[in-house]
Amino acid sequence: MNTPTESLPRAVVPLHGFIPSLEGMRAFAAIGIIVTHVAFQTGAASSPVVGRIWGRFDLTVAIFFALSGFLLWRPHAAQARGQGSAQPILKYLFSRAVRILPAYWVVVTLVLMFLPNTGGGWRVWAANLSLTQVFVPLTLTEGMTQMWSLSVEVSFYLLLPLAGLLMVGLRGEAARYRVPVLTFVAVVTLSWAFIPVSTPEAIHHDNWLPGYFPWFAAGMLLAEYSTRQQTWLHRLAAHRLIVAAIAFSAFVLSATPLAGPQGLVRPEPWQFEAKIVLGAVLAMALLAPLVLADRQRRHSVLEHPVTLALGRWSYGIFIWHLVILAMVFPVFGVIPFTGHFVLVLSVTLALSIPVAAASYALVEEPARRAAHSPRRR
């Protein structure tokens, strides 16, 4: 029987609306991405032991993907149990475009026009403006190589309404099958790296959405559980020390050869999939206490005003930080891959945050307001 929202236990977060702690988690994920990129470009990621740790901060991408999976699948999960409704498809796609494209197009335009060594031919422009870099050879260019993950995320945005339609029959009493179905699909996609897919030179099919779907699925599963009464996962999420230990263990294992070789050396398919599994576990362990545990319990660090501000600017931090990093080296006379990790990281962080704040204030927020203005409505 469907359970009204009002009768759900306090352990379940609201099915709609803002969850402050997730915004704070987004801030830490953005900083983690800067750490791993600075570590690589200064050579810190090449050190024997610590380098593996810095390099594995790239698993913060799993947190971003899981956040998207949770927040965007949450309306579908709620609708399946009669606790709300998902956005109409066109409205959903429009809101995603407004959220992602304006600031992103500004970055692409400025980088390809003014940053040296970007190879600004028409193919590079077309691939970057359309977020198809992972499909077009040699179009992940300087200052924007991190955009591969945004390309994957946009693919998820486009396919999510289809996933909602395919599972539309699993409602009411049949809603209990939604978790097994999502889990099954996530497990099946773990075979993606083993499938021989013919691609152009310098294009790797494991960088496409199926390769990273388990990270999105981690968030989607949390969204499904957030519509349910107390389950084993709710009880586990309430034990912060246990889930913290799970997250820490997943991160430590990911820093071993189990998840692939050090640096940008391509992993074996089994190593790639091990990294995907560990990333999904890490993301789920970090997010579960925030979306399944008692919502009256505050997260002082994640919900601190400074952290929330950084979370609000996190998209700008993500899209701008490599541009900043590319300029830090010549300005400070640092040769790439020759050290100075702390200096480069400090300056990149110090500059990326205000640039991201300006991007939010001058581009992202005005675009959102214009899209949702009374006249447009």
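Structure: see above.
Residues numbered from 1 in each chain as written. Predicted model: local features only at pLDDT ≥ 70, side-chain atom pairs only at ≥ 80, totals over all residues. Heavy atoms only, no water.

Enquirer: Describe the overall build of the protein, and please don't skip the residues or the numbers.
Expert: Helices and strands together make up the secondary structure of the protein, namely 14 helices and 0 strands. The helix and strand sequence of the protein, counted from the amino end, reads α-α-α-α-α-α-α-α-α-α-α-α-α-α. For the C-alpha atoms alone, the extent of the protein along its principal axes is close to 65 × 55 × 45 Å. Here the protein holds 377 residues, and 52% of them are scored as buried. Considering only residue pairs separated by 6 or more positions, the protein has 77% of its internal contacts joining residues 24 or more positions apart. Split by element, the accessible area of the protein, about 17,500 Å² in all, is 69% carbon and sulfur. Distance between charge centroids for the protein: 8 Å, based on 27 positive and 15 negative side chains. (Helix = DSSP H or I, 4+ residues; strand = E, 2+ residues; numbered from the N terminus. Buried < 20%, exposed > 50% of the residue type's maximum accessible area, 1.4 Å probe, protein only. Contact = heavy atoms within 4.5 Å. Areas by Shrake-Rupley, 256 points an atom, 1.4 Å probe, with all protein chains shown as cover. Lys, Arg positive; Asp, Glu negative; His and termini not counted. Charge placed at Lys NZ, Arg CZ, Asp CG, Glu CD.)

Enquirer: Tell me about the side chain of Thr42, and please be specific about residues and values.
Expert: On the secondary structure map, Thr42 appears in helix α1 (residues 20-42). Excluding residues that lie within four positions of it along the chain, Thr42 makes contacts with Phe329, Phe337, Thr338, Gly339, His340, Phe341 and Val344.

Enquirer: Any details on the packing of helix α4 (residues 89-114) against helix α14 (residues 341-371)? Residues and values, ideally.
Expert: The contact between α4 and α14 brings their axes to 9 Å, and the two run at 150 degrees. It follows from the interaxial angle that α4 and α14 lie roughly antiparallel. Our pair here, α4 against α14, has a crossing hand that is right-handed. Note on element contacts: α14 touches α4 through Ser359, Val363, Glu364, Ala367, Arg368 and Ala371, opposite Phe94, Val98, Arg99, Pro102, Ala103 and Val106. Looking at side-chain class alone, the contact of α4 with α14 contains 8 nonpolar, 1 polar and 3 charged residues. (Axes fitted to C-alpha atoms, helices over the stretch in contact; angles between N-to-C directions. Parallel < 35°, antiparallel > 145°, perpendicular 65-115°, else oblique. Left-handed = near helix turned anticlockwise from the far one by under 90°. Nonpolar A, V, L, I, M, F, W, Y, C, P; charged D, E, K, R; others polar.)

Enquirer: Help me get a handle on the packing of aromatic side chains, residues and values and all.
Expert: Summed over the entire model, instances satisfying the criterion amount to 14 aromatic pairs. A ring pair is formed by Trp54 and Phe57, whose centres lie 5.8 Å apart and whose planes are at 35 degrees; its orientation type is tilted. Look at Trp54 and you get partly exposed, because its relative accessible area is 25%. Centre to centre, the rings of Tyr225 and Trp232 are 6.3 Å apart; their planes meet at 80 degrees, and the pair counts as edge-to-face. We classify Trp232 as exposed; its relative accessible area is 52%. One aromatic cluster is present, built from ring pairs that chain together Phe65, Trp148, Phe156, Tyr212, Trp215, Phe216 and Phe272. In this structure, Arg228 is placed above the aromatic ring of Tyr225, and the distance from its NZ or CZ to the ring centre is 5.4 Å. (Phe/Tyr/Trp six-rings, centres within 6.5 Å; stacked < 30°, edge-to-face > 60°. Lys NZ or Arg CZ within 6 Å of the ring centre and 35° of its normal.)

Enquirer: Can you explain unusual backbone geometry? Please cite residues and give values.
Expert: One non-glycine residue with positive phi stands out, namely Leu138, at about 60 degrees. Accessibility expressed as a relative area gives 71% for Leu138, which makes it exposed. One non-glycine residue, Ala202, lies in positive phi territory at about 75 degrees. Here Ala202 lies in the loop between α7 (178-189) and α8 (209-225). On the accessibility criterion, Ala202 (46% relative accessible area) is partly exposed.

Enquirer: So what's going on with the side chain of Glu153? Which residues, and what values?
Expert: Counting through the fold element by element, Glu153 comes out in helix α6 (residues 147-166). Buried and without a salt bridge, Glu153 has Arg96 as its closest oppositely charged side chain, separated by 5.8 Å. Those residues in contact with Glu153, other than ones at most four positions away along the chain, are Phe64, Phe65, Ser68 and Phe216. (Salt bridge = Lys/Arg side-chain N within 4 Å of Asp/Glu carboxyl O.)

Enquirer: Please set out a nonpolar patch on the surface residue by residue, giving values where relevant.
Expert: On the surface, Ile89, Leu90, Leu93, Leu158, Leu159, Leu162, Leu165 and Leu166 cluster together to form a nonpolar patch covering roughly 810 Å² of accessible area. Top contributing element to the nonpolar patch by residue count: α6, with 5 residues. With respect to the helices and strands, the residue Leu165 is situated in helix α6. (Patch = residues over 30% accessible without salt bridge, like charges linked within 9 Å, V, L, I, M, F, W, Y side chains within 5 Å.)

Enquirer: Before we move on, can you summarise the pattern of salt bridges with the specific residues and values?
Expert: Per the stated rule, a full pass over the model turns up 9 salt bridges. For Glu173, the salt bridge goes to Arg176, with nearest N and O atoms at 3.8 Å. Connected via shared salt-bridge partners are Arg56, Asp58 and Lys275.

Enquirer: Account for the packing of helix α3 (residues 60-80) against helix α11 (residues 269-291), naming residues and giving values.
Expert: Two elements in contact, α3 and α11, have axes whose closest approach is 9 Å; the angle formed by their N-to-C orientations is 50 degrees. Judged by the angle between their axes, α3 and α11 are oblique. Crossing of α3 against α11: the hand is right-handed. The segment α3 lies against α11, with Ala62, Ile63, Ala66, Leu67 and Phe70 engaging Gly279, Ala283, Leu286, Leu287 and Val291.

Enquirer: So, α4: which residues are in play, and what are the values?
Expert: Between its terminal C-alpha atoms α4 stretches 37 Å, which fits the 38 Å expected from 26 residues at 1.5 Å a residue. Along α4, the helix axis deviates most sharply at Leu101, where the bend reaches about 35 degrees; the proline Pro102 sits within four residues downstream. Buried residues of α4: Tyr92, Ser95, Arg96, Val98, Ile100, Leu101, Ala103, Tyr104, Val107, Val108, Val111 and Leu112, and no others. Those residues of α4 that are buried lie in contact with α3, α5 (122-129), α6, α13 (314-331) and α14. (Expected span 1.5 Å × (residues − 1). Bend = angle between axes of the 7 residues up to and from the residue.)

Enquirer: Could you give me a rundown of the environment of Ala218, with the residues and numbers involved?
Expert: Mapped onto the secondary structure, Ala218 falls in helix α8. With relative accessibility at 2%, the residue Ala218 sits in the buried group. Sequence separation of Ala218 and Gly172 is 46 residues, and the distance between their C-alpha atoms is 22 Å. Those residues in contact with Ala218 that sit more than four places away from it in its chain are Ala66, Ala280 and Met284.

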